[in-house]
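Residue-level listing of the chains:
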Amino acid sequence: MNETAKLRAGCQTFTWEMLGKAWTGNADDLLAAIAAAGYAGIEITDTMIPPYADRPQDFARALADHGLTLVAFACGSSSGFTEAGAVETDLAMVDRALRFTAHFPGAILSLGSATIMSPGPLDDKFAVAGRFYNGAGELGRIVGVDVAVHPSSHHDTLLSSRADYDRIMALLDPALVGWVPDTGHILRGGQDILDTLRTYQDRIRYLHLKDVDAEGHWRMLGQGVCDLRSVVDIVAAGPNFNGWLVLEEESDVAAADPAAAVRANRETLRLAGI
């Protein structure tokens, strides 16, 4: 970890987003809940940013009013970043997202997991994903915003197993594209999480902390099989890690009360001495 960086806790807004139409709040409600839970930063998605999507200065003021830092702006696409015909459109989306993110010093553009959206050879899917991510990284280099990929274990993901990670990492230019490891998704992919983190430690920009049980079901942080201390120690030693631990909760507890769930996770991190 950069010697000037220190561990800081952020919160990802997907905990609310996953509720779909059951969530009727807005971005200001998210900021209030996350600040009240004791977090220092927020990672917000393109789905949850309205009505601030075209008003970065106003969002910066709202963040400051709540004592929060923008850790990352997370974006996805209906193409899953694996459709050759959509690469140009997806890169145009990245360009817009980068212009928004550039208003927040140190914030990272996090790009969602490559996902299989149509039939076709996996070789072609990986090739398109690699081309897209590297293209996004080049756009980020031009405007001075770091770009990173966030693999997931959700339905039809292209990036779940260790073999998948090895394959996509081999296609990515480490000077252009970083990595946002997610403890829950790595474990759900059946990986040796500590080995994966060590192998690609130099690519880590920040960390998503989640927990699962031995069967891969989402559990509240500290109630599953994730070895928090060991994971954080490896990540914190990464030369490009910026210090942010972003907690994201997808368990049934969060579905019932997301604000209470993220408060509980923040306390779990404190009790773990992190």
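Procedures and definitions
- Residues numbered from 1 in each chain as written.
- Predicted model: local features only at pLDDT ≥ 70, side-chain atom pairs only at ≥ 80, totals over all residues.
- Heavy atoms only, no water.
- UniProt positions renumbered as here; feature names shortened; annotations may be inferred.
- Helix = DSSP H or I, 4+ residues; strand = E, 2+ residues; numbered from the N terminus.
- 1 Å grid on protein atoms, 1.4 Å probe; cavity = no way out; pocket = protein on both sides within 12 Å on 5 of 7 lines; lining within 4 Å.
- Points joined across faces, edges and corners; volume = space filled by probe spheres on them.
- Nonpolar A, V, L, I, M, F, W, Y, C, P; charged D, E, K, R; others polar.
- Buried < 20%, exposed > 50% of the residue type's maximum accessible area, 1.4 Å probe, protein only.
- Salt bridge = Lys/Arg side-chain N within 4 Å of Asp/Glu carboxyl O.

1. Description of the UniProt feature "domain: Xylose isomerase-like TIM barrel" (unreviewed entry) in the protein chain
Then comes step 1: Here, the residues flagged by UniProt with the feature "domain: Xylose isomerase-like TIM barrel" (unreviewed entry) are residues 31–270.
Then comes step 2: Between the end C-alpha atoms of residues 31–270 there is a gap of 20 Å, over a span that is 43% helix and 14% strand.

2. Digging into the layout of surface pockets
Then comes step 1: Taken as a whole, the largest pocket encloses approximately 600 Å³ of empty space.
Then comes step 2: Lining the largest pocket are 29 residues, with Phe-14, Cys-75, Gly-76, Gly-112 and Ser-113 sitting closest to its centre.
Then comes step 3: Those elements giving two or more residues to the lining of the largest pocket turn out to be helix H1 (14–17), strand E2 (41–45), strand E3 (69–75) and strand E4 (108–111).
Then comes step 4: When its residues are assigned to classes, the lining of the largest pocket shows six nonpolar, 18 polar and five charged.

3. Examining the environment of Ser-161
Then comes step 1: Along the chain, Ser-161 falls in the loop between strand E5 (147–149) and helix H6 (162–171).
Then comes step 2: With relative accessibility at 24%, the residue Ser-161 sits in the partly exposed group.
Then comes step 3: Distance from Ser-161 to Asp-192, taken between C-alpha atoms, is 9.8 Å for residues 31 residues apart in sequence.

4. Quick look at the pattern of salt bridges
Once the charged atoms of two side chains with opposite charge are near each other, the side chains can pair.
Then comes step 1: Summed over all chains, the structure comprises 15 salt bridges.
Then comes step 2: Of the charged contacts in the structure, one is a salt bridge between Asp-123 and Arg-167, with a shortest N-O distance of 1.9 Å. You can see Asp-123 sitting in helix H5 (residues 122–143) and its partner Arg-167 sitting in helix H6, a full 44 residues away along the chain.
Then comes step 3: Here Arg-167 falls in the partly exposed class, since its relative accessible area comes to 32%.
Then comes step 4: For Asp-146, the salt bridge goes to Arg-205, with nearest N and O atoms at 3.9 Å. Here Asp-146, found in the loop between H5 and E5, pairs with Arg-205, found in the loop between helix H8 (193–199) and strand E7 (207–209); they are 59 residues apart in sequence, far enough to count as distant.
Then comes step 5: Judged by its relative accessible area of 44%, Asp-146 is partly exposed.
Then comes step 6: On the basis of relative accessibility, which here comes to 10%, the residue Arg-205 falls in the buried class.

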